[in-house]
Structure formats: C-alpha cells, structure tokens
Amino acid sequence: MTAAVTIRIQQADFDIGHEIAALTKSRTDVGAVVTFSGICRGSENGEPIAALTLEHYPGMAEAEIQRHADEAMARWPLTGLTVVHRVGRITPGENIVVVLAASQHRQAAFQAAEFLMDYLKANAPFWKREESPKGTSWIEARGHDETAAKRWTKS
Amino acid sequence: MKVKYFAWVRERIGVAEETVEPPASVRTVDDLIGWLSARGDTYAYAFETPRVIRAAIDHTHVKPDAVISGAREIAFFPPMTGG
C-alpha cells in the first residue's frame, strides 16, 4: 500500500483519535503509530498567560512542512505521516499541533515524529504571540530548538 | 516584486505586504534590507538588528547573501516559534 501524507493548517481544533484512525484504517501493515501533540501551556517563563495567537505564512508554511515530510518519508520506512498545525487564538489546555508517524515498527515512527517536530520548531514559518496580564508580546525563539533541528543533519 | 512581512516585522512596519521596485544596485537580500531601512523610521525600526531577521524568496528560506533578481515574492520575519 502507498504511504499517506496529510498536512493541514487550520483554526479549528483536531481530534487525535480520529487522526490515528485515519492512518490505520483499511490497512494491516501498520504496527506502530507515534503521536506528538503540542499543547498551549498556562504560563511562559513562570508568568501566567491568557492565550497564544499563532500567525503563519500561508503557502510557505505548507511547503516547508511538505518538504520535511518528504524527507522523513525518504529517510524512514513509514506507512503514513500526518501534521496538523493550528493558527489563530489558542487558550491554555488547547491543542496547538499534532504530528503522527506510522510504520511497521516503532523505531522508525519514533524517529520520524521527533525529526519532524524538531524541524517544524526551527524552520516552519509560524510565530506565537502571548497575551498576559502585562499585555501582548511575541515569544522569542529558543536557541535549543535550532540545535535540536541541526542534530538531524549530522551523519 | 512583492514583499511580505510577518509577526513583529509586520507590526513595526505597519503593512503586511507591498510591491517595491528597488534599483539594480540592490542585488542581495542584505542589500534589500538596507534599501528598505532607508525608506523611513518604521522600516529602520523593523530592521534595526539585521542578523535576527530571517528571509524567504518564493517560499524558500534564504541567507542574507542570496541574490534577489527574478524573485516574485520576498518575505522578512523573525526567528520562527511554531510547533
């Protein structure tokens, strides 16, 4: 069977169970699905936040995720990959992103999911603005996100 | 060419996108940042620390020395914070 890649950027929430089911439906060659979900925290650097607002670069965001998904498909024997990233206003406890990697065995699924998240963090054009009692401000990029992405290019 | 701005770069400049026609002497992304910075205070503020600005040409990340000739769309934005 062919491997399915699904990429969506949307305002609406998503159902992780539904996304897992979509990767395993009507096939019996999937032995592992690894799911990473990113959730909005209620504080940032010890300060409470009321919400995050996510902005993205339409067109490029999809292209960047697709490029990294293609690379993951080439690097690991996957049966499917799904990335759903939300944009707009998101409050603490709500989903932000989900990455699912499906494979016959767990190792490829674990590695592909981690690779995709590391690359998304450092290279996909999304930006978070936080709302706190002090007002709104753009969240600064963390140096360790770029370091995490770069380790996948070492051989 | 079309130029797009995102996140605080967009907020500082005050527009999300515009069409610009820089002179032929503006060859690279870095040159374009310099040329845009001279357009006014809002641009100078947005580009006050050029090393933190990221750029993309036609939806692909590029470095400051990338040549801009032939580009349809150039975007400027801060380091990304998605995921």
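These notes cover the structure that comes with them. (Residues numbered from 1 in each chain as written. Chains lettered and ligands numbered in written order. Predicted model: local features only at pLDDT ≥ 70, side-chain atom pairs only at ≥ 80, totals over all residues.)

The biggest cluster of nonpolar side chains holds 53 residues, and the ones touching the most others in it are A:Val99, A:Ala101, A:Ala112, A:Leu116 and B:Ala75. A per-element tally of this core places helix α3 (residues 106–123) of chain A first, with ten residues. If we skip the residues at most four places from it in the chain, A:Leu116 touches A:His68, A:Ala69, A:Ala72, A:Val83 and A:Val99. (Core = buried A, V, L, I, M, F, W, Y, C linked by C-beta atoms within 7 Å. Buried ≥ 20, exposed ≤ 12 C-beta atoms within 10 Å, placed from the backbone. Helix = DSSP H or I, 4+ residues; strand = E, 2+ residues; numbered from the N terminus. Contact = placed C-beta atoms within 7 Å.)

All names here are of chain B. If you trace the five strands from one edge of the open sheet to the other, you get β2-β1-β5-β3-β4, paired in mixed fashion. Only two strands of the sheet have a single neighbouring strand rather than two, namely β2 (17–19) and β4 (60–62). Taking each pair of neighbouring strands and ignoring which way they run, the sheet shows an average axis angle of 25 degrees. In this structure, strand β3 (residues 54–57) lies alongside strand β5 (residues 73–77), joined through four bridges in antiparallel fashion. (Pairing = 2+ DSSP bridges. Axes fitted to C-alpha atoms, helices over the stretch in contact; angles between N-to-C directions.)

To continue, consider the packing of α3(A) against helix α4 (residues 143–150) of chain A. Residues and elements named next belong to chain A. With their axes 8 Å apart at the nearest point, α3 and α4 run at an angle of 135 degrees to one another. Viewed along their axes, α3 and α4 adopt a mutual orientation that is oblique. Crossing of α3 over α4 shows left-handed handedness. Every residue of α4 that contacts α3 at Asp-118, Tyr-119, Lys-121, Ala-122 and Asn-123 is listed here: Asp-145, Glu-146, Ala-148 and Ala-149. (Parallel < 35°, antiparallel > 145°, perpendicular 65-115°, else oblique. Left-handed = near helix turned anticlockwise from the far one by under 90°.)

What follows deals with the packing of helix α2 (residues 60–75) of chain A against α3(A). Pairs of packed helices are described in terms of their axes, by the angle between the two and the distance that separates them. Residue and element names in this part refer to chain A. Contact geometry for α2 and α3: axes closest at 10 Å, N-to-C directions at 155 degrees. The pairing of α2 with α3 is recorded here as roughly antiparallel in orientation. In the crossing of α2 with α3, the sense of the turn from one axis to the other is right-handed. Here α2 contributes Glu-64, Ile-65, His-68, Ala-69 and Ala-72 to the contact with α3, which in turn contributes Ala-112, Phe-115, Leu-116, Tyr-119, Leu-120 and Asn-123. Counted by class, the contact of α2 with α3 contains eight nonpolar, two polar and one charged residues. (Nonpolar A, V, L, I, M, F, W, Y, C, P; charged D, E, K, R; others polar.)

What follows concerns the pairing of strand β6 (residues 78–86) of chain A. Residue and element names in this part refer to chain A. Of all nine residues in β6, nine are buried; the element is thus mostly enclosed. Sheet analysis places strand β1 (residues 4–10) next to β6, joined by seven bridges and oriented parallel. Bridging across to β6, Ile-9 finds its partner in His-85. The sheet contact formed by β6 and strand β8 (residues 95–103) spans seven bridges and is antiparallel. Bridged to Gly-80 within β8 is Ala-102.

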